[in-house]
Number of protein chains: 2
Amino acid sequence: MEKVKVYIEENKDRFLNELFEVLRIPSISAQTEHHDDMIRCAEHLAAALVKAGADHAEVMPTEGNPVVFAEKIVDPRAKTVLVYGHYDVMPVDPREEWTTEPFEPVVRDGRIWGRGADDDKGQSFMHVKAFEAMCATGTLPCNVKFMLEGEEEIGSQSLYRFCRENRKLLKSDVILVSDTSMISMETPSITCGLRGLTYMQVEVTGPDHDLHSGLFGGAVANPANVLARLVASLVDEQGRVTIPGFYDDVRELSVAERRALNRAPFNLAAYKRSVGVGDVAGETGYTTMERTGIRPSLDVNGIWGGYTDEGTKTIIPARASAKISMRLVPNQDFRKIAKLFEKHFRAIAPRSVKVRVEFLHGGAPYVSPTDLPAYRAAEQAVEATFGRKPLPFYSGGSIPIVSAFEEILGVKSILLGFGLAQDAIHSPNESYGLDQFFRGIETIPCFYRYFSEM
Amino acid sequence: MEKVKVYIEENKDRFLNELFEVLRIPSISAQTEHHDDMIRCAEHLAAALVKAGADHAEVMPTEGNPVVFAEKIVDPRAKTVLVYGHYDVMPVDPREEWTTEPFEPVVRDGRIWGRGADDDKGQSFMHVKAFEAMCATGTLPCNVKFMLEGEEEIGSQSLYRFCRENRKLLKSDVILVSDTSMISMETPSITCGLRGLTYMQVEVTGPDHDLHSGLFGGAVANPANVLARLVASLVDEQGRVTIPGFYDDVRELSVAERRALNRAPFNLAAYKRSVGVGDVAGETGYTTMERTGIRPSLDVNGIWGGYTDEGTKTIIPARASAKISMRLVPNQDFRKIAKLFEKHFRAIAPRSVKVRVEFLHGGAPYVSPTDLPAYRAAEQAVEATFGRKPLPFYSGGSIPIVSAFEEILGVKSILLGFGLAQDAIHSPNESYGLDQFFRGIETIPCFYRYFSEM
């Protein structure tokens, strides 16, 4: 491994500059006006993979944003690692809260600042550079395939079909994913569980036009008031979701499992400080780590209706809307939850309004057993570079496509992520530590080595 | 009155074209970028008043938008009518719902379409033209003063001070206001009651930045969910406002008064059709007319927070806000209600969030006794032009400044409005009937005549 370490050390600055080139492309998949940026980003990464040592790399079209596929076959009989990542990023609003330009990356206080610095351009690019280091030093021990998509932040719709149509091309022994976080640099961890997701949008319509709130106030149902009432009723005082049947399939952990889970170091005061809240809140009877790791949740991601501009406007808005997403845990089916949500929301709406309920996207929860050879290889790799055996970690996040990989390709994924809570992914001022970036590049070749030797 | 009628008939087209010139000025007081339009509109009206026959007209500066003042003194011993109106208009959003340009007035289906066509440029301008007709035909029976403000839609803040500082200048026997509606052209009415208003803005803040709803969902209070819960709790299942003390000062009408009020013709099916709702909703135990006429109400005028753009974004927003206004009835004090609201809202907010509560503006309710000579003069004037004795009507709307006139100037106002529910004031596609406009211009001189003879 020494040669690889030296190579990485000697090329640090170039690696960083090359990452910056990727970060400068505003590849926001949720906003159609960025369509050309998606193509540009995909082509840029394909070129980078060839330069890194791939036999060939292609920008493969889909119904949506293209998939970047690349591969290097060292020996048909050797094991094959399929690296998955995504080059699309989240929108940047609220724009005004960024202290630097979201798409003009800078290094400050030992961290890379910019949209995508962690999620997932920074983490995907670690694999490109680790791959280059192994090729350049002749230490690549197995075959490698890259699959980088451009729709992860909007549900990976095109990738499901892409996987079904390219099973042969994607044949591999393990899928390696760096799109998750660790507890801390001092307490490394590997994500062995992910929550699923059901993302809905609702619209409540009342009068067929905005009404004067004086002339009609008190006599006509106000869609914004009604929406507030309906949304509020979805979670009860105990922090439990009230949708009938919502908890039916939830896998309840045993006391032993819960004890093990809570053994991971957790500092409530530090946690509150890191998010800037006076107190945590959630389902009664569960710890904060359990609330995000093994319990489902319901959040309003956005709500809007009526006059939201400067000053006052005395109206009863004609309509009000909300984006509502639910995080799911093992055994919950995101399609079933979507149906239960729609049925319930329609059932509780009063006759004085009309409601529209739309399913935007979803994904299944995922569990990676800690006794998989590939998981153990990852464990050893992290221990080799962090000097500590990583803890198994149940993340609250979702990577819907990961469970689909298992269904469609029949291959398990290893969630070898190097993010940290402080990276503020999906938020203004996203960042990624230089130590996270380079430690990741060092860890990946170790994984290849241990995995190929198993 | 014949001469006046003839004059109006002969000048109809010009009157309309002159009104269009006023409607073309986008004098939206709620939006600061329209500051210059406010000045332009005020100067335009001052010039129009001089052309109509005023001795002089001035654009009088205030801390906010200027007040247009004009007068014509025919005889110092004669009665004096002070005409009040406003030249500012509401914002036009949702812009896309307008079928014609809001500030490019057009006549279609016998109606004038455009922002301000009724509220209140159309109605104020009727007075300018009626005044012109009386001057031109030498039939002006009393002194006239005009006071047109530019902040009615945002609370008339500057006008309160203007009135206090110009008591002498504004000395009059009655204030004539056309900023209200009638039941219908077939059932004319005069507004004898107005609701008061308390307009608040609230902001709920949770984490100090948007959080990833997967990593934190279920463990951190979501400001949008909390806002929904708080707002929903402000009105109970019976449609009653839950703020402690809110109803303490509400004047309960006697059975006889309620019976009289409900004698006005009201067609529920037609009412539902006119606003496009499947059912009405409101405080249990009261009719629709009572709910808007004599009962207070609470409405969300706007609500916003988190991601409201296209597609999906999985965040817990750092904050969510709402504009909430309450309509008040006789004896409720808008300042006291603002205090009760703030106290209650702070009291019900959970420790997991911070709340900001802001008072935006307010005004007192108003009652004009139907036995006032001026009210009777208005009654006779309407009967003369509509062929029917108008009914006294309790409007749900508010004109906060009207009750201030009584406090500050000691003068009662007559609410001689010619609007109709279908005019969609404050909404997209505001309109005003040509018949309303010209019938109003005919009615006003009759009022002057009867009032001066009393």
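What you see is a predicted model, and the numbers here were worked out from it, not measured in a lab.

Caption draft 1: How the structure looks around the overall build of chain A. Helices and strands together make up the secondary structure of chain A, namely 13 helices and 18 strands. Over its C-alpha atoms chain A spans a radius of gyration of 23 Å, differing by no more than 12% from the 22 Å that the globule rule assigns to 454 residues. With the C-alpha coordinates aligned to their principal axes, the bounding extent of chain A is approximately 80 × 50 × 45 Å. By the burial criterion, 63% of the 454 residues in chain A qualify as buried. Counted over contacts in chain A with a minimum sequence separation of 6, partners at least 24 positions apart contribute 78%.

Caption draft 2: Just the relation of the copies chain B and chain A, in detail. In screw terms, the move from chain B to chain A is a rotation of 180 degrees and a rise of 0.0 Å along the axis, fitting with an RMSD of 0.1 Å. Such a combination of turn and shift is consistent with a two-fold rotation axis. Take the interface residues of chain B: 99% of them recur as interface residues in chain A, which is what a same-surface contact looks like.

Caption draft 3: Representation of the interface of chain B and chain A in the model. Taken together, the contact pairs 91 residues of chain B with 90 residues of chain A. With both chains or domains summed, chain B and chain A bury close to 7,500 Å², and 51% of this area falls on carbon and sulfur atoms. It is I303(B), T312(B) and K313(B) in chain B that bury the most area against chain A; as a group they hold 9% of the surface buried on that side. In this structure, the connection of chain B to chain A is made through six salt bridges.

Caption draft 4: Representation of unusual backbone geometry in the model. Residue and element names in this part refer to chain B. Across the junction of D93 and P94, the peptide omega takes the value 0 degrees, indicating a cis bond. For P94, the position within the fold is in the loop between strand 3 (80-86) and strand 4 (106-108). The linkage connecting D119 with the following residue, D120, adopts the cis geometry, with an omega of -5 degrees. Phi is positive for H426, which is not a glycine, with a value near 70 degrees. Topologically, H426 is positioned in the loop between strand 17 (413-415) and strand 18 (431-433).

Caption draft 5: Inspection of the domain arrangement of chain A at higher detail. All names here are of chain A. Partitioning chain A into structural domains gives domain 1 (2-194 + 365-453) and domain 2 (196-250 + 296-363). Here the C-alpha centre of domain 2 lies 35 Å away from the C-alpha centre of domain 1. Contacts between the two partners involve eleven residues from domain 1 and, on the opposite side, ten residues from domain 2. Carbon and sulfur atoms make up 60% of the surface buried where domain 1 meets domain 2, a total of about 720 Å² over both sides.

Caption draft 6: Main features of helix 12 (residues 400-409) of chain A. Residues and elements named next belong to chain A. In terms of residue burial, helix 12 counts as a mostly covered element, since eight of its ten residues are buried. Among all positions of helix 12, only P400, I401, V402, S403, A404, F405, I408 and L409 are buried. With its phi angle positive at about 65 degrees, G410 sits one or two positions after the end of helix 12.

Caption draft 7: The environment of E290(A), seen in detail. All names here are of chain A. Relative to the assigned elements, E290 resides in helix 9 (residues 288-293). Remark: the alpha-carbon pair of E290 and M147, spanning 143 residues in sequence, is separated by 32 Å. When sequence neighbours within four positions are dropped, the list of residues in contact with E290 reads R258, L261, N262, G285 and R295.

Caption draft 8: How the structure looks around the sheet that holds strand 5 (residues 111-113) of chain A. All names here are of chain A. Ordered by their spatial adjacency, three strands build an open sheet running 4-5-18, and the pairing between neighbours is antiparallel. Each having just a single partner strand, strand 4 (106-108) and strand 18 (431-433) make up the two edges of the open sheet. Sheet twist, expressed as the average angle between the axes of neighbouring strands with direction ignored, equals 30 degrees. Bridge count for strand 4 against strand 5 is three bridges, and the pairing is antiparallel. Paired with V107 across the strands is I112, a residue of strand 5. Here helix 13 (residues 434-453) sits on the sheet in contact with strand 4, strand 5 and strand 18, set at roughly 60 degrees to strand 18.

Caption draft 9: Quick peek at the packing of aromatic side chains. Residues and elements named next belong to chain A. This model, assessed by the stated rule, comprises 24 aromatic pairs over all chains. Seen in terms of ring centroids, Y7 and F15 are 6.4 Å apart; in terms of plane orientation they differ by 45 degrees. Their pairing is tilted. With respect to burial, Y7 and F15 carry one shared label: buried. Seen from their ring centres, Y84 and F405 are 5.2 Å apart, and the 70 degrees between their planes marks the pair as edge-to-face. Taken together, the residues span a long stretch of sequence, with Y84 in strand 3 (residues 80-86) and F405 in helix 12 at a distance of 321 residues. The pair Y84 / F405 is uniform in exposure class, with both members buried. Over the aromatic face of W113 sits the side chain of R108, whose NZ or CZ is 4.7 Å from the ring centroid.

Caption draft 10: Structural view of the side chain of T314(B). Looking at where T314(B) falls in the secondary structure, it is placed in the loop between strand 11 (297-306) and strand 12 (315-316). Within the local environment of T314(B), its side chain forms a polar contact with the side chain of H426(A), the two groups lying 3.1 Å apart. Those residues in contact with T314(B) that sit more than four places away from it in its chain are M90(A), L197(A), Y199(A), N301(A), R327(A), H426(A), L211(B), H212(B) and S213(B).

Caption draft 11: Representation of helix 11 (residues 373-386) of chain B in the model. All names here are of chain B. Compared with an ideal rise of 1.5 Å per residue, which puts 14 residues at 20 Å, helix 11 spans 20 Å between its outermost C-alpha atoms and is within 8% of the ideal. The complete set of buried residues in helix 11 reads A374, Y375, A377, A378, E379, A381, V382, T385 and F386. Looking at the buried side of helix 11, the elements it contacts are strand 7 (174-177), strand 8 (189-194), strand 16 (391-394), strand 17 and helix 13 (434-453). At the C-terminal side of helix 11, G387 shows a positive phi close to 70 degrees.

Caption draft 12: Fine view of the nonpolar core. F341(A) and F341(B) are the most contacted members of the largest nonpolar core, which totals 70 residues. Residues within four places of F341(A) in sequence aside, it is in contact with M200(A), V202(A), L234(A), I243(A), L298(A), I324(A), M326(A) and V357(A).

Caption draft 13: Here's a closer look at the sheet that holds strand 11 of chain B. The eight strands lie next to each other as 14(A)-9(A)-13(A)-11(A)-11(B)-13(B)-9(B)-14(B), forming an open sheet whose pairing is antiparallel. With one partner strand each, in any of the chains shown, strand 14 (354-363) of chain A together with strand 14 (354-363) of chain B form the two edges of the open sheet. Averaged over all pairs of adjacent strands, the angle between strand axes in this sheet comes to 20 degrees, irrespective of strand direction. Where strand 9 (residues 196-205) of chain A lies against strand 13 (residues 319-328) of chain A, ten bridges are found, and the strand directions are antiparallel. Residue pairing across strands places V204(A) opposite A320(A), the latter belonging to strand 13 of chain A. Contacting strand 9, strand 11 (297-306), strand 13 and strand 14 of chain A together with strand 11 of chain B, helix 6 (residues 223-232) of chain A runs over the sheet at an angle of about 15 degrees to strand 13 of chain A.

Caption draft 14: Up close: the pairing of strand 11 of chain A. Burial of strand 11 of chain A is extensive: eight of the ten residues sit out of reach of the surface. Across five bridges, the pairing between strand 11 of chain A and strand 11 of chain B is antiparallel. Directly across from G305(A), in strand 11 of chain B, lies its bridge partner I303(B).

Caption draft 15: Representation of the packing of helix 1 (residues 2-23) of chain A against helix 2 (residues 35-52) of chain A. All names here are of chain A. Two numbers describe how helix 1 lies on helix 2: the axes approach to 10 Å, and their chain directions differ by 160 degrees. It follows from the interaxial angle that helix 1 and helix 2 lie roughly antiparallel. Contact with helix 1, carried on its side by E18, E21 and V22, involves C41, H44, L45 and K51 of helix 2 and no other residues of that element. Considering only residue class, the contact of helix 1 with helix 2 consists of three nonpolar, one polar and three charged.

Caption draft 16: Layout of the environment of M1(A). All names here are of chain A. Inspection of the secondary structure assignment puts M1 in the segment before helix 1. Taking the C-alpha atoms as reference points, M1 and P445, 444 residues apart in sequence, are found 7.8 Å from one another. Each residue touching M1, except ones within four places of it in the same chain, is listed here: P445, C446 and R449.

Caption draft 17: Representation of the pattern of salt bridges. Counting across every chain of the model gives 62 salt bridges over all chains. The closest approach of N and O atoms between R449(B) and E453(B), which form a salt bridge, is 3.7 Å. Of the two residues, R449(B) and E453(B) are both situated in helix 13; the distance of four residues between them amounts to about one turn of the helix. Taking the relative accessible area as the measure of exposure, R449(B) reaches 32% and is therefore partly exposed. Connected through salt bridges with shared partners, the residues E97(A), E203(B), R319(B), R356(B) and E358(B) form a single ionic network.

Caption draft 18: Expanded view of the packing of helix 2 (residues 35-52) of chain B against helix 3 (residues 121-136) of chain B. Residue and element names in this part refer to chain B. Two numbers describe how helix 2 lies on helix 3: the axes approach to 9 Å, and their chain directions differ by 20 degrees. The pairing of helix 2 with helix 3 is recorded here as roughly parallel in orientation. Helix 3 is crossed by helix 2, and the crossing has right-handed handedness. Facing helix 2, whose interface residues are C41, L45, A48, L49 and A52, helix 3 presents K121, F125, V128, F131, E132 and C135. Split by residue class, the contact of helix 2 with helix 3 holds nine nonpolar, no polar and two charged.

Calculation criteria
- Residues numbered from 1 in each chain as written.
- Chains lettered and ligands numbered in written order.
- Predicted model: local features only at pLDDT ≥ 70, side-chain atom pairs only at ≥ 80, totals over all residues.
- Heavy atoms only, no water.
- Helix = DSSP H or I, 4+ residues; strand = E, 2+ residues; numbered from the N terminus.
- Rg over C-alpha atoms; globule rule 2.2 N^0.38 Å.
- Buried < 20%, exposed > 50% of the residue type's maximum accessible area, 1.4 Å probe, protein only.
- Contact = heavy atoms within 4.5 Å.
- Least-squares fit on C-alpha atoms with pLDDT ≥ 70 in both.
- Buried area = accessible area lost by both parts, 1.4 Å probe.
- Salt bridge = Lys/Arg side-chain N within 4 Å of Asp/Glu carboxyl O.
- Domains from an automatic or database assignment.
- Pairing = 2+ DSSP bridges.
- Axes fitted to C-alpha atoms, helices over the stretch in contact; angles between N-to-C directions.
- Phe/Tyr/Trp six-rings, centres within 6.5 Å; stacked < 30°, edge-to-face > 60°.
- Lys NZ or Arg CZ within 6 Å of the ring centre and 35° of its normal.
- Polar contact = N/O pair within 3.5 Å; in protein donor to acceptor, adjacent residues only side chain to side chain.
- Expected span 1.5 Å × (residues − 1).
- Core = buried A, V, L, I, M, F, W, Y, C linked by side-chain atoms within 4.5 Å.
- Parallel < 35°, antiparallel > 145°, perpendicular 65-115°, else oblique.
- Nonpolar A, V, L, I, M, F, W, Y, C, P; charged D, E, K, R; others polar.
- Left-handed = near helix turned anticlockwise from the far one by under 90°.

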